[in-house]
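Here is what each chain is made of, one letter per residue.
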Amino acid sequence: AMRSHGAQVQLVEGLYDAARVQAEQEGARSGVRLVRHAGREAIASYGSLGLELVEDLRQLGVTELAQVAVIVPVGEGGLAAGVLASLKQLNPAITVVGVASDRTRQMEASLTAGRPVTVPLVPHVEEDGIKTGAASPLAVAVFRDLADGFVVVPHELIEQGIREQYAFGGIV
């Protein structure tokens, strides 16, 4: 699909981290600007999801946002950081908790260390967007400064939740 829009596609051996490194090297060599999905621009754009969530809550009649708790899924952290930042900007009293699979502990390790760290990748990770061993440095800072909590859940619970969503609503 990307090629049909004129993109030059290069397949890279390995997972996301290897592809990101190669893309950064190619961008530096060719002068092409690489926009990371967990970089400043992307995180800012993901904030629109937080705005949409608040709008949906208001349409449901929720007027006291201080009584709202939002759980955001975390992999590398870009999407979650954008949602977290926008929600806290709208109302700092909104409770926002990050949640990650026990197969992807890069954000947990980074928050514990107080800085971005890389953790070994777990083979056969099925969850979308988390096949990386490194958390976004900017996302780590956002979570450190703004999140109300962070939890790690067993991968099996995520699988169970996906099956239940599909069984009860046809949603995946």
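Turning to the packing of helix α2 (residues 40-59) against helix α3 (residues 78-90), a few remarks are in order. Relative orientation of the contacting elements α2 and α3 amounts to 55°, with a least axis distance of 7 Å. For the element pair α2 / α3, the angle class is oblique. Handedness of the crossing formed by α2 with α3: right-handed. Between α2 and α3, the residues in contact are Ile43, Tyr46, Gly47, Leu49, Gly50, Leu51, Leu53 and Val54 and Gly78, Leu79, Ala81, Gly82, Val83, Ser86, Leu87 and Leu90, respectively. Here the contact of α2 with α3 is built from residues that sort into eleven nonpolar, five polar and no charged.

Let us look at the side chain of Ser86. Here Ser86 lies in helix α3. Taking the relative accessible area as the measure of exposure, Ser86 reaches 10% and is therefore buried. If sequence neighbours within four positions are ignored, Ser86 has contacts with Gly47, Gly50 and Leu51.

Cut-offs applied
- Residues numbered from 1 in each chain as written.
- Predicted model: local features only at pLDDT ≥ 70, side-chain atom pairs only at ≥ 80, totals over all residues.
- Heavy atoms only, no water.
- Axes fitted to C-alpha atoms, helices over the stretch in contact; angles between N-to-C directions.
- Helix = DSSP H or I, 4+ residues; strand = E, 2+ residues; numbered from the N terminus.
- Parallel < 35°, antiparallel > 145°, perpendicular 65-115°, else oblique.
- Left-handed = near helix turned anticlockwise from the far one by under 90°.
- Contact = heavy atoms within 4.5 Å.
- Nonpolar A, V, L, I, M, F, W, Y, C, P; charged D, E, K, R; others polar.
- Buried < 20%, exposed > 50% of the residue type's maximum accessible area, 1.4 Å probe, protein only.

Fair warning: the whole summary comes from geometry, so function is off the table for now.
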